[in-house]
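Fold and contact review
Below are the chains, spelled out letter by letter.
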Amino acid sequence: MKFILVVERKHLFPGLSPQGFLPLGTIDLDAVEKWGFFAERDYMENCSHYKQIIPYISLTLDGQVLAYQRQTKHSEQRLGGLWTVGFGGHIEPIDRSEAGVHGLLQTAALRELEEETGFSVSDDALVARGCINSEKEDVSSVHAGLFYTVDLAATGMDHAAIAERVTEQAEP
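Residues numbered from 1 in each chain as written. Predicted model: local features only at pLDDT ≥ 70, side-chain atom pairs only at ≥ 80, totals over all residues. Heavy atoms only, no water.

Moving on, we come to the overall build of the chain. When you go through the chain residue by residue, the secondary structure sums to six helices and ten strands. Relative to its length of 172 residues, the chain is compact, with a C-alpha radius of gyration of 16 Å against a globular reference of 16 Å. For the chain, the spread of C-alpha atoms along the principal axes amounts to about 45 × 35 × 30 Å. By residue count, 45% of the 172 residues in the chain fall in the buried class. On the chain, roughly 9400 Å² of surface is accessible, and the fraction owed to carbon and sulfur atoms is 53%. For the chain, the distance from the average site of its 14 positive side-chain charges to the average site of its 26 negative ones is 6 Å. (Helix = DSSP H or I, 4+ residues; strand = E, 2+ residues; numbered from the N terminus. Rg over C-alpha atoms; globule rule 2.2 N^0.38 Å. Buried < 20%, exposed > 50% of the residue type's maximum accessible area, 1.4 Å probe, protein only. Areas by Shrake-Rupley, 256 points an atom, 1.4 Å probe, with all protein chains shown as cover. Lys, Arg positive; Asp, Glu negative; His and termini not counted. Charge placed at Lys NZ, Arg CZ, Asp CG, Glu CD.)

Shown next as structure tokens:
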């Protein structure tokens, strides 16, 4: 049984729920710290009263953003075959940090980046850019993303080498 961080949506978005790519601060991180808790994933994937906070990371190099198509037989069936410009995943109890909610989010983002791409970067390479929220699809109705970018110039790898590495590492 897997446990993930969730927050009741009324605490994240008092009033109406904003949609799309949103400025930093749209998700009330104080509410995440105050009201967030770990709950069983299978149940929460179908419970739209709660939002799962997902660190979502795009990789950039030379001003370009890496995009890839998820394999049809993806572990998350609702995402199989879709195109994406990022990597991310659920915040788990292992990500807890003494640095509060910001440390929790950063730790989870760095762990997911390494798990899904094989890239291990320093804390300061992770740059928070905004938030993502949508109610359009079943999968997005239970998730809210904190969007980061990582510039891979420091790796010294070219586009082809990065694509090869991500293809080898990316979740089936």
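And the narrative resumes.
The next thing to look at is the environment of N46. Mapped onto the elements of the fold, N46 is located in the loop between α3 (41–44) and β4 (50–61). For the pair N46 and S141, spaced 95 residues apart in the sequence, the C-alpha separation amounts to 9.1 Å.

What follows concerns the confidence of the model for the chain. Averaged over all residues, the pLDDT of the chain equals 88, while 95% of them reach at least 70. The weakest mean pLDDT in the chain belongs to strand β6 (residues 68–69) at 80; the strongest belongs to strand β3 (residues 37–40) at 97. (pLDDT = per-residue confidence, 0-100.)

It is worth spelling out the packing of aromatic side chains at this point. Counted under the stated rule, the structure contains four aromatic pairs. Between the aromatic rings of F21 and F147, the centroid separation amounts to 5.5 Å while the plane-to-plane angle is 85°, which identifies the pairing as edge-to-face. Of the two residues, F21 sits in strand β2 (residues 20–22) while F147 sits in strand β10 (residues 143–151), which places them 126 residues apart along the sequence. Looking at F21, the relative accessible area reads 52%, which means it is exposed. (Phe/Tyr/Trp six-rings, centres within 6.5 Å; stacked < 30°, edge-to-face > 60°.)

What follows deals with the nonpolar core. One broad rule of soluble globular proteins: the nonpolar side chains tend to lie buried together. One finds I27, V32, I53, I57, L59 and L105 to be the most contacted residues of the largest nonpolar core, which totals 33 residues. Secondary structure elements with two or more residues in this core: β1 (3–8), α2 (29–35), β4, α4 (100–117), β10 and α6 (159–169). When residues of this core are assigned to their parent elements, the largest contribution, seven residues, is made by α4. Sequence-distant contacts of I53, that is, excluding residues within four places in its chain, are made with L5, V7, L12, V32, I91, L105 and A144. Listed in part, the six residues of the second largest apolar core include I4, V6, A39 and Y50. (Core = buried A, V, L, I, M, F, W, Y, C linked by side-chain atoms within 4.5 Å. Contact = heavy atoms within 4.5 Å.)

Below, the discussion takes up the side chain of N133. You can see N133 is positioned in strand β9 (residues 127–133). In this structure N133 comes out as buried when scored by relative accessible area, which is 1%. There is a polar contact of 2.7 Å between the side chain of N133 and the backbone oxygen of P18. Among residues more than four places away in sequence, those in contact with N133 are F13, S17, P18, Q19, G20, L22, K51, H143 and A144. (Polar contact = N/O pair within 3.5 Å; in protein donor to acceptor, adjacent residues only side chain to side chain.)

Located in the positive-phi region is D62, a residue other than glycine, with phi close to 55°. Looking at the element boundaries, D62 is found in the loop between β4 and β5 (64–65). Of the residues examined, D62 reaches a relative accessible area of 62% and is grouped as exposed.

Note that β1 and β3 share four bridges and pair antiparallel. Looking at β3, one finds that V6 is bridged to F37. Looking at chain direction, β1 and β4 are connected through three bridges and run antiparallel. Opposite E8, over in β4, you have Y50 as the bridge partner. (Pairing = 2+ DSSP bridges.)

Mapped onto the elements of the fold, D30 is located in helix α2. Sequence spacing of D30 and P14 is 16 residues, and the spatial spacing of their C-alpha atoms is 13 Å.

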